[in-house]
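Spelled out, the chains give:
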Amino acid sequence: MLTAKQHELLLFIQKRLEESGISPSFEEMKEALDLKSKSGVHRLISALEERGFIGRLPNRARALEVLKQPEDVITSRAANDAVGSVTTPPASTPQAANDVIEIPLHGKIAAGAPIEALEGNQVLPVPAALLGSGDHYALEVSGDSMIEAGIFDGDFALVKRANTARDGEIVVALVRGEEATLKYLHHDGGNIRLDPANAALDPQVYNDAEVEVQGKLAGLLRRYN
């Protein structure tokens, strides 16, 4: 059996997911349940999680999903559907759509002359709304060759993993297996042309075999100090 507060919180989370697809924040849950501190919310969340009523979505800071509901919650919607003390929610039950996802942060990427793409074990928290489907990673931009595309030194490029791209797309290109750069991609006969977005700089032309596409630009994050 759930306590009154546990039951109230479960209903509140479910309602918010149905209305917006976004799980409520701990501050919103605290206010909705008239609790004095967020620690009370943490205890309720932990209790619901231990009992299997809610789960946390992987790689997200606070996103929750409702896994099952008490009998009276189901009965209030469809009296003949509830069987036993708990049941799973309908398949259409929404899940949180735009919380924060942690993606790998792999060092710096040149927006200028190619530099080495550093591998590391850092992660970057990113609003899920900025990312679509697929596998993503982040690189810190170094240089000014893409400023006319709105990409500046110190920005974080959010990259969708891919090994092919269409002409005109902004890609992470690995040059000669050791240097990476962020540029517009163009196929030019048997060559690959990597175009900057800076009128003061010239395109870089390589043999097709020298360039490997490692991803396509999906978005940007910028810090303001």
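Values in this document were obtained by computation on a predicted structure and should not be read as measured data.

The rules we used
- Residues numbered from 1 in each chain as written.
- Predicted model: local features only at pLDDT ≥ 70, side-chain atom pairs only at ≥ 80, totals over all residues.
- Heavy atoms only, no water.
- Helix = DSSP H or I, 4+ residues; strand = E, 2+ residues; numbered from the N terminus.
- Buried < 20%, exposed > 50% of the residue type's maximum accessible area, 1.4 Å probe, protein only.
- Contact = heavy atoms within 4.5 Å.
- Areas by Shrake-Rupley, 256 points an atom, 1.4 Å probe, with all protein chains shown as cover.
- Core = buried A, V, L, I, M, F, W, Y, C linked by side-chain atoms within 4.5 Å.
- pLDDT = per-residue confidence, 0-100.
- Pairing = 2+ DSSP bridges.
- Salt bridge = Lys/Arg side-chain N within 4 Å of Asp/Glu carboxyl O.
- Phe/Tyr/Trp six-rings, centres within 6.5 Å; stacked < 30°, edge-to-face > 60°.
- Lys NZ or Arg CZ within 6 Å of the ring centre and 35° of its normal.

A.B. asks: I'd love a proper account of the overall build of the protein, names of residues and values included.
C.D. replies: Across its full length, the protein carries four helices and 13 strands. Put simply, the protein has 225 residues, and 41% of those count as buried. Considering only intrachain contacts with a sequence separation of at least 6, the fraction spanning at least 24 residues in the protein is 59%. Only carbon and sulfur atoms are counted for the fraction: they give 48% of the accessible area of the protein, which is about 12100 Å².

A.B. asks: Run through the nonpolar core, naming residues and quoting values.
C.D. replies: Within the largest apolar cluster, 17 residues are counted, with the highest numbers of intra-cluster contacts made by Leu-9, Leu-10, Ile-13, Met-29, Ile-45 and Leu-48. Contributing elements (two or more residues each) for this core: α1 (4-20), α2 (26-32), α3 (38-50) and β2 (64-66). Not counting the four nearest positions on each side in its chain, Ile-45 is found in contact with Leu-9, Ile-13, Phe-26, Met-29, Ile-54, Arg-56 and Leu-64. The next biggest cluster of nonpolar side chains, apart from the first, holds 15 residues, and it includes Val-141, Met-146, Ile-151 and Ile-170.

A.B. asks: So, the confidence of the model for the protein: which residues are in play, and what are the values?
C.D. replies: The pLDDT averaged across the protein works out to 79; a share of 79% of its residues lies at or above 70. Averaged pLDDT values over the elements of the protein bottom out at 44 in strand β4 (residues 86-87) and peak at 95 in strand β11 (residues 191-195). This model gives residues 73-98 a pLDDT under 50, and the stretch forms 50 contacts once residues within four places in sequence are excluded.

A.B. asks: A description of the pairing of strand β13 (residues 211-221) should follow, citing residues and the corresponding values.
C.D. replies: Two elements, strand β8 (residues 156-160) and β13, share five bridges in a ladder whose sense is antiparallel. The partner of Lys-160 across the bridge, within β13, is Lys-216. As defined by bridge partners, strand β9 (residues 170-175) adjoins β13 across five bridges and the pair is classed as antiparallel. Its bridge partner lying in β13, Val-175 is registered against Val-211.

A.B. asks: Give a detailed account of the pattern of salt bridges, specifying residues and quantitative values.
C.D. replies: Where side chains of opposite charge bring their charged atoms close, a pairing between them can arise. In the structure shown here, the tally under the stated rule is 10 salt bridges. Linking Lys-30 and Glu-27 is a salt bridge whose minimum nitrogen-to-oxygen distance equals 3.6 Å. In this pair, Lys-30 and Glu-27 are both assigned in helix α2, three residues apart and thus about one turn of the helix distant. A relative accessible area of 16% places Lys-30 in the buried class. When its relative accessible area of 29% is taken as the criterion, Glu-27 is described as partly exposed. With its nearest N and O atoms 2.7 Å apart, the salt bridge here joins Arg-222 to Asp-155. In this pair, Arg-222 is assigned in the segment after β13 and Asp-155 in the loop between β7 (136-142) and β8, connecting sequence segments 67 residues apart. Classification of Asp-155 as buried rests on a relative accessible area of 2%. Overlapping salt bridges, with partners in common, bring together Arg-166, Glu-169 and Lys-216 in one network.

A.B. asks: Outline the packing of aromatic side chains, supporting the account with residue identities and numerical values.
C.D. replies: Evaluation of the coordinates by the stated rule reveals zero aromatic pairs. It is Lys-68 that lies over the ring of Phe-53; its NZ or CZ is 5.0 Å from the centre.

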